[in-house]
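# A look at the structure
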Amino acid sequence: NKRIKVKELLKQEPAGQEVTVMGWVRTFRNNQFIALNDGSTNANVQVVAELGKFDDALLKRITTSASLKVTGTVVPSVGKGQKLEVKAATIEILGDSDAEAYPLQPKKHSLEFLREKAHLRFRTNTFGSVFRIRHALAFAVHQFFNEKGFVYLHTPIITASDAEGAGEMFRVTTLPFENTPKNGDGSINFKEDFFGKPTNLTVSGQLEGELGATAFGEIYTFGPTFRAENSNTARHLAEFWMIEPEMAFYDLEDNANLAEEFIKYIIRYVLENNREDIEFLSQRMVDEEKQLPQDKRSEMGLIEKLEFVVNNDFQRLTYTEAIDILKESNYNKKKKFQYPVTGWGMDLQSEHERYLVEKHFKKPVILMNYPASIKAFYMRMNEDGKTVAAMDILAPGIGEIVGGSQREERLEVLQDKMKKMGIPEEELWWYLDTRRFGTVPHAGFGLGFERMIQFVTGMSNIRDVIAFPRTPKSAEF
Ligand code: ATP
Ligand code: MG
Ligand code: MG
Ligand code: MG
């Protein structure tokens, strides 16, 4: 198999060299010009089947989405828009396709339509670009942490802990449906479902990650996470990927510094290595926004936005300062928020987060020191006795992309907190052991990978940046 990928081929000089290309037909014009795509780039290579050289029976089978193997010579192209083309010597049909039955006709389809054809949408330019960028971001994540000496720890998918205490877990059972243990009233008895113990799919690898950090110093997890979100928003999935670094000897500021450096690093990686795909998506966004009135269009193009983010400091402020800004804002006074900002202690809604980043600061924001009452049990209590060392990072167009904190390392303070929140110590005895045996200050955060990809690609719906979205309405394959 001496196949050359289209991306590599298009970089060469057209000097009559012999090549083999394989891919899927995008279009076939004038019984002569085949636009062939192999997924390595959105660009097609033009294959020329000289008139009279191939028999009609073969030419009839060259239809949109049929797969071909072509051998030929690389020559300069006289057509505009391409430097070279392949003059075909042989054309072999690898797989026929009934072009009329093919769901993706060669025209523009809406993203909603393509979501219903999720099994084929990788073959479009938009999804080609999105998923090559997703790949590159994943690679950059590992490269970043590897360069810094973090250990990649695989935390469990099936677990007994509910890190967030938000009750959004999927239960895991080993029992066949008909043998599901029932309570007296006929409801399912979850206490006996996994070999006799209650278990669920992980909502976060953090607690287990802390076990790694208090041995290796610095670790990260990068894996699938599950939340029984029964909400249909453009930023929530029931199955998503999360990157969770956890670091011993870090305080909240170290944590924020690492998160900011990390986000800039992976964006820079894509700007440098996926230029074509970013440019394609940038142009796509401009085209999409042409339908919107001027004041609804983005102020910056995608590339401009990403370059701005990597070259400027994120805005840092406290929750208390944010509440003051929001309360005094014209939006609040003119009742433009669905949830009015009443005062200190309330949880921020995404409309508030987006106001801060999009209208007020016009850059990513790191919000710190939230009221203890609205955050999870493991966050470190500040000296004021009211706030915890939490941080959320908010991005323009998305809202929350990171949630993190310095963890409570003081055993008594943690035990006291758990008691107040009704979390039994027996459930987390292993977690408390890290505080019993050589406890250290430590911190970490979770970055939602899909939200990051949304930010980098400009895709507005989270269902369009994961290959097989799991939402309350979709789990077909
Ligand atoms: P949100 O407020 O948006 O529901 P969260 O505060 O519940 O998010 P965390 O528990 O802080 O989320 O999880 C860390 C990160 O994981 C979030 O900052 C976000 O980027 C991502 N995330 C959380 N829930 C989802 C989800 N259902 N789908 C996709 N990403 C998610
Ligand atoms: Mg949530
Ligand atoms: Mg949140
Ligand atoms: Mg959060």
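We now turn to the structure provided with this report. The shown structure was predicted, so the numbers you read here are calculated from the model rather than taken from an experiment.

Basis of the calculations
- Residues numbered from 1 in each chain as written.
- Chains lettered and ligands numbered in written order.
- Predicted model: local features only at pLDDT ≥ 70, side-chain atom pairs only at ≥ 80, totals over all residues.
- Heavy atoms only, no water.
- Pairing = 2+ DSSP bridges.
- Helix = DSSP H or I, 4+ residues; strand = E, 2+ residues; numbered from the N terminus.
- Phe/Tyr/Trp six-rings, centres within 6.5 Å; stacked < 30°, edge-to-face > 60°.
- Buried < 20%, exposed > 50% of the residue type's maximum accessible area, 1.4 Å probe, protein only.
- Lys NZ or Arg CZ within 6 Å of the ring centre and 35° of its normal.
- Near = heavy atom within 4 Å.
- Polar contact = N/O pair within 3.5 Å; in protein donor to acceptor, adjacent residues only side chain to side chain.
- Nonpolar A, V, L, I, M, F, W, Y, C, P; charged D, E, K, R; others polar.

What follows deals with the sheet that holds strand 8 (residues 171-172). Taken in spatial order, the 3 strands of this open sheet run 7-9-8, and their pairing is antiparallel. Taken across any chain shown, the strands that pair with only one partner, and hence form the sheet edges, are strand 7 (158-159) and strand 8. Pairing between strand 8 and strand 9 (residues 199-201): 2 bridges, direction antiparallel. Residue pairing in the sheet places Val-172 in a bridge with Thr-199 of strand 9.

This part takes up the packing of aromatic side chains. With the rule as written, the count across this model stands at 22 aromatic pairs. Relative to Phe-150, the ring of Phe-145 has its centre 5.0 Å away and its plane inclined at 50°; by these criteria the two rings are tilted. Owing to a relative accessible area of 0%, Phe-145 belongs among the buried residues under this scheme. Here the aromatic rings of Phe-222 and Trp-241 are separated by 6.0 Å at their centres, their planes lie at 90°, and the arrangement is edge-to-face. Remark: Trp-241 occurs in strand 11 (residues 239-248) and Phe-222 occurs in strand 10 (residues 218-226); sequence separation between them is 19 residues. Given a relative accessible area of 29%, Trp-241 falls into the partly exposed group. In textbook terms, an aromatic cluster arises when at least three aromatic residues are bridged by ring pairs, as seen for Phe-144, Phe-145, Phe-150, Tyr-152, Tyr-220, Phe-262, Tyr-265 and Phe-445. Residue placement shows Lys-305 over the ring face of Phe-455; its charged tip is 4.1 Å from the ring centre.

Within the structure, ligand 1 sits among 16 residues, and Glu-229, His-236, Glu-400, Ile-401 and Arg-451 are positioned closest to it. At 3.3 Å, a side-chain N or O of Arg-235 approaches an oxygen atom of ligand 1. The contact in question runs from an oxygen atom of ligand 1 to an N or O atom on the side chain of Glu-400, over 2.8 Å. Those elements giving two or more residues to the shell around ligand 1 turn out to be strand 11, strand 15 (399-406) and strand 16 (442-448). Take the shell around ligand 1: its biggest share by element is 4 residues, from strand 15. Taken together, the residues that form the shell around ligand 1 break down as 6 nonpolar, 4 polar and 6 charged.

Remember, this is a structural readout, not a statement about activity or role.
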